[in-house]
Amino acid sequence: GAVVERFERGMATYLGLAGGVAVNSGTMALEVALRVLGIGFGDEVILPSYVCAAPWQAIQRVGAQARLVDIEPETFQIDAELVRAAITSKTRAIIVPHLFGLPADLTALAQLGVPLIEDCAQTLGAMEQGRSVGSVGVLTVCSFYANKLLCAGEGGMVLSRDPALLERARALREYDGAASLNPQATNLKMTDLQAAVGVAQLNRLPELIARRVSLAREYREALAGTSAILPAVPAGRSHIYYRFVVRISKRGSGSDELSECLGRLERQGVQCRKPVFRSLHRYLGLAGFLASEAAEREALSLPLYPALADAEAAQILIAMRDEWQRE
């Protein structure tokens, strides 16, 4: 519908790209991106282990092989040097999930000569070396699920600067009116109702990001000097704080300190979460992902969202100071 097209144009303008193709979820946006690049059986796609299952699921559905790499220990982002070592003659793409509001090292990743699929569900509006996240990869995907940075209730989008790739994406999104049969095409359309919410949220995105950054500043000031390890922001990268992820004090690999910490905060009325439920390599029984495993033991996501009231933020900070000063 017309509102979907308006949302697509708005997103493309925001990222400085040629256009967008709205679909029914962020997971399907990932799958469409892979199919647009012709990725299938016999191909390999590199992605980090420390991420939700959606990118891995998309790779499986197109029949390709996922090659997992570890993350940067301080930032939680995909490690470009480990990506370089994982590239083979079968590598067709790198999925780059910009986690928690911080960009990955796009400068290093772009120099590897492999197409990048940027996943900006958590990082729209962030900058890397003066460039908007989402403007570097050959394809960019977004999710507009209920808990995402830009929320339309549900939905996703594939964006690119290449009109030919966008046309391929549109051909996969729907099959009615096509000149020929495409066995990969299906019904992935977004509704005008969802797009209307997306347009409204896009118009407010600078305001919503500013609120997140303001809350993060308060968190940083309040937690300075405690034992909590605050989010890293490398030079040349900006952080828009989709999540405010701290590390608790480092413990032995067998410690359940994180679960105990979550329980204590829950009893004070502050609901925190592990930012990634389980690393992909653990599902697959793989070893050697030390930074991802450390993140699972130590990373804690504090409540932070634009609608959070000042009084609620103050309650959170009191609980946080109590928790980390007790050590």
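Computed from a predicted structure; not experimentally measured.

Enquirer: Is there a simple way to think about the overall build of the protein chain in this case?
Expert: If you tally the helices and strands in the protein chain, you get eleven helices and eleven strands. Across its three principal directions, the C-alpha atoms of the protein chain cover 65 × 45 × 35 Å. For the protein chain, the proportion of contacts with a sequence separation of at least 24, taken over those separated by at least 6, is 65%. When the accessible area of the protein chain is evaluated, it comes to approximately 13,900 Å², of which 51% is carbon and sulfur surface.

Enquirer: Please explain the sheet that holds strand E9 (residues 156-160) as it appears in this structure.
Expert: Taken in spatial order, the seven strands of this open sheet run E1-E9-E8-E5-E4-E2-E3, and their pairing is mixed. Because the sheet does not close on itself, it has two edges, and the strands there are strand E1 (19-23) and strand E3 (65-69). Recorded for the sheet is a direction-independent mean angle of 25° between the axes of neighbouring strands. In this sheet, strand E5 (residues 116-119) lies alongside strand E4 (residues 91-97) in parallel orientation, the contact comprising four bridges. In the strand pairing of E5, Pro97 is matched with Asp119.

Enquirer: What should I look at first to understand empty space enclosed by the protein in this one?
Expert: Here the structure, examined in full by the defined rule, presents one cavity of 30 Å³ or more. Thr75, Phe76, Phe100, Pro231 and His239 are the residues nearest the centre of the largest cavity, which is lined by 13 residues in total. Of the residues that constitute the lining of the largest cavity, the class distribution is eight nonpolar, three polar and two charged.

Enquirer: It is not clear to me how the packing of aromatic side chains should be interpreted in this structure. Could you clarify?
Expert: What describes a pair of aromatic rings is the distance from one ring centre to the other and the angle between the planes of the rings. Summed over all chains, the structure comprises six aromatic pairs. Taken together, a centroid distance of 6.4 Å and an interplanar angle of 80° make the contact between Tyr50 and Phe100 edge-to-face. In this pair, Tyr50 is assigned in the loop between strand E2 (44-48) and helix H3 (54-61) and Phe100 in the loop between E4 and helix H5 (106-110), connecting sequence segments 50 residues apart. On the accessibility criterion, Phe100 (3% relative accessible area) is buried. Measuring from centroid to centroid gives 5.7 Å for Tyr241 and Phe244, while their planes differ by 25°, and the two rings are stacked. Tyr241 gets classed as buried once you look at its relative accessible area, which sits at 7%. Here Phe244 falls in the buried class, since its relative accessible area comes to 0%. Here a set of aromatic residues connected by ring pairs shows up, and it is made of Tyr50, Phe76 and Phe100. Directly above the ring of Tyr283 sits Arg278, whose terminal nitrogen or CZ lies 5.1 Å from the centroid.

Enquirer: Would you mind going over the packing of helix H7 (residues 192-223) against helix H11 (residues 310-325) with me for this structure?
Expert: Contact geometry of H7 with H11 gives a least axis separation of 10 Å together with a crossing angle of 30°. Taken together, the axes of H7 and H11 are roughly parallel relative to one another. The element H7 and its partner H11 pack so that their crossing is right-handed. Counting all contacts with H7, which are made through Arg211, Leu215, Glu218, Tyr219, Ala222 and Leu223, the residues of H11 involved are Asp310, Ala313, Ile316, Leu317, Met320, Arg321 and Trp324. For the contact of H7 with H11, the class distribution of residues is nine nonpolar, no polar and four charged.

Enquirer: I would appreciate a short explanation of the layout of surface pockets in the present structure.
Expert: The rolling of a water-molecule-sized probe over the atoms marks out the regions of remaining empty space. Roughly 510 Å³ of volume is contained in the largest pocket. For the lining of the largest pocket, the leading source of residues is H7, giving six residues. Taken as a whole, the second largest pocket encloses approximately 410 Å³ of empty space. Considering the residues around the second largest pocket, the lining is formed by 25 residues, among which Cys52, Ala54, Ala121, Gln122 and Lys148 are closest to the centre. In terms of residue class, the lining of the second largest pocket is made up of 16 nonpolar, six polar and three charged.

Enquirer: Just checking my understanding: could you explain the pairing of E3 for this structure?
Expert: Successive side chains on a regular strand alternate, one facing one side of the sheet and the next facing the other. For E2 and E3, the ladder comprises five bridges, and the chain directions are parallel. If you follow Glu44 over to E3, its bridge partner there is Gln65. The handedness of the E2 to E3 crossover, carried by H3, is right-handed.

Enquirer: How should the environment of Thr191 be read in this particular structure?
Expert: Along the polypeptide, Thr191 turns up in the loop between helix H6 (163-173) and H7. Its relative accessible area of 39% is what places Thr191 among the partly exposed residues. Along the backbone, Thr191 and Ala108 are 83 residues apart, and their C-alpha atoms lie at a distance of 37 Å.

Enquirer: Please clarify how the pairing of strand E10 (residues 244-247) should be interpreted in this entry.
Expert: Every second residue of E10 is oriented toward a common face, with Phe244 and Val246 on one face and Val245 and Arg247 on the other, all of them buried. Summarising the sheet, E10 and strand E11 (residues 299-302) pair through four bridges and their orientation is antiparallel. In the strand pairing of E11, Val245 is matched with Ser301.

Enquirer: Before we go on, may I ask you to explain the nonpolar core in this structure?
Expert: Soluble, globular proteins show a tendency: their nonpolar side chains are buried together. Core analysis: the biggest nonpolar cluster contains 44 residues, and Leu34 and Tyr50 have the highest contact counts within it. By residue number, the principal contributor to this core is helix H2 (residues 26-36), which donates seven residues.

Reading the values: rules and limits
Residues numbered from 1 in each chain as written. Predicted model: local features only at pLDDT ≥ 70, side-chain atom pairs only at ≥ 80, totals over all residues. Heavy atoms only, no water. Helix = DSSP H or I, 4+ residues; strand = E, 2+ residues; numbered from the N terminus. Contact = heavy atoms within 4.5 Å. Areas by Shrake-Rupley, 256 points an atom, 1.4 Å probe, with all protein chains shown as cover. Pairing = 2+ DSSP bridges. Axes fitted to C-alpha atoms, helices over the stretch in contact; angles between N-to-C directions. 1 Å grid on protein atoms, 1.4 Å probe; cavity = no way out; pocket = protein on both sides within 12 Å on 5 of 7 lines; lining within 4 Å. Points joined across faces, edges and corners; volume = space filled by probe spheres on them. Nonpolar A, V, L, I, M, F, W, Y, C, P; charged D, E, K, R; others polar. Phe/Tyr/Trp six-rings, centres within 6.5 Å; stacked < 30°, edge-to-face > 60°. Buried < 20%, exposed > 50% of the residue type's maximum accessible area, 1.4 Å probe, protein only. Lys NZ or Arg CZ within 6 Å of the ring centre and 35° of its normal. Parallel < 35°, antiparallel > 145°, perpendicular 65-115°, else oblique. Left-handed = near helix turned anticlockwise from the far one by under 90°. Right-handed = clockwise from strand over helix to strand, strands pointing away. Core = buried A, V, L, I, M, F, W, Y, C linked by side-chain atoms within 4.5 Å.

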